[in-house]
Amino acid sequence: MSRKSSLVRLVFYFLFATFYFGGHAAAETSGKEARLTQLVHDVNVLEASSPARPAVLNERVGEGTAVRTGGDSRAELTFVDLTLTRLGANSLYSFRKAGRHLELNRGSTLLRVPKDSGGATIYSPGITAGIPGTTVIFEFARGRDARLTVLEGTARLTLTGHSDQSRNIRAGQALQVAVDAARIPEPT
């Protein structure tokens, strides 16, 4: 099976699960929190005033609370508007403004933001990605490159220290950039 058909199949299953299962889990969640709708292996919730603790399926996670996944682990957060965030292994994630502003300090995330929902912004050291209503994969490892892959729609990547350096990325394109870069390369 080709890589392209595998990616198309993955996106299809992802979107099917999002629309079929996502609405049920998100219906009871307030606008400023998400529900943990999938937990695999080692997933912890980190709140400002208490030590890390194991996450619980369907637990509500509020703004300012972080979710951390261990090795060979993953988690899924679903917001009331069906914005969906999936975290890969060894990720550290937190959000503000009902998932519209999220911080990924390490790891990877698949983010699906419904069209006409107001979009979202991913912040990572040195890089900001604007997501207007699309599906992307964002990967970041401290001290290494960041990679933004757009699965559908468009996104815009900007270097935090060089606001004049930004680039639009379309569906099917990826952009890999060093966190200390002064220029953004062309997407592939």
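Let me begin by describing the structure that accompanies this report.

Parameters at a glance
Residues numbered from 1 in each chain as written. Predicted model: local features only at pLDDT ≥ 70, side-chain atom pairs only at ≥ 80, totals over all residues. Heavy atoms only, no water. Helix = DSSP H or I, 4+ residues; strand = E, 2+ residues; numbered from the N terminus. Contact = heavy atoms within 4.5 Å. Polar contact = N/O pair within 3.5 Å; in protein donor to acceptor, adjacent residues only side chain to side chain. Salt bridge = Lys/Arg side-chain N within 4 Å of Asp/Glu carboxyl O. Buried < 20%, exposed > 50% of the residue type's maximum accessible area, 1.4 Å probe, protein only. 1 Å grid on protein atoms, 1.4 Å probe; cavity = no way out; pocket = protein on both sides within 12 Å on 5 of 7 lines; lining within 4 Å. Points joined across faces, edges and corners; volume = space filled by probe spheres on them. Nonpolar A, V, L, I, M, F, W, Y, C, P; charged D, E, K, R; others polar. Core = buried A, V, L, I, M, F, W, Y, C linked by side-chain atoms within 4.5 Å.

Relative to the helices and strands, D42 resides in the loop between strand 1 (33–40) and strand 2 (43–46). Considering only alpha carbons, one finds D42 and N90, 48 residues apart in sequence, at a separation of 9.4 Å. Look past the residues within four positions of D42 in its chain and what remains in contact with it is R68, T69, G70 and S73. At a separation of 3.0 Å, a polar atom in the side chain of D42 contacts the side chain of N44.

The subject of this paragraph is the pattern of salt bridges. All chains considered together, the criterion is met by 5 salt bridges. Note that E76 and R86 form a salt bridge whose closest N and O atoms lie 2.6 Å from each other. Within this pair, whereas E76 is found in strand 6 (residues 74–79), its partner R86 is found in strand 7 (residues 84–87), the two being separated by 10 residues in sequence. Overall, E76 belongs to the buried group, its relative accessible area being 9%. Taking relative accessible area as the criterion, R86 reaches 24% and is therefore assigned partly exposed. Across the pair R167 and E186 runs a salt bridge, and its minimum N-O distance is 3.1 Å. Taken together, the residues R167 in strand 15 (residues 162–170) and E186 in the segment after strand 16 (174–178) connect sequence positions 19 residues apart. Taking relative accessible area as the criterion, R167 reaches 22% and is therefore assigned partly exposed. Using a relative accessible area of 57% as the deciding quantity, one classes E186 as exposed.

It is worth spelling out the layout of surface pockets at this point. Of the pockets and cavities examined, the second largest pocket occupies roughly 190 Å³. Counting only elements with at least two residues in the lining of the second largest pocket, the list comes to strand 6, strand 7, strand 9 (101–112) and strand 12 (135–140). Top contributing element to the lining of the second largest pocket by residue count: strand 9, with 3 residues. Classifying every residue of the lining of the second largest pocket gives 4 nonpolar, 4 polar and 3 charged.

What follows deals with the nonpolar core. Among the nonpolar cores identified, the biggest contains 36 residues, and L77, I122, I131, F138 and L157 are the most heavily contacted of them. Apart from residues no more than four positions distant in its own chain, L77 is found in contact with A34, R35, L36, T37, V61, V67, T83, L84, T85, L87, Y93 and F95.

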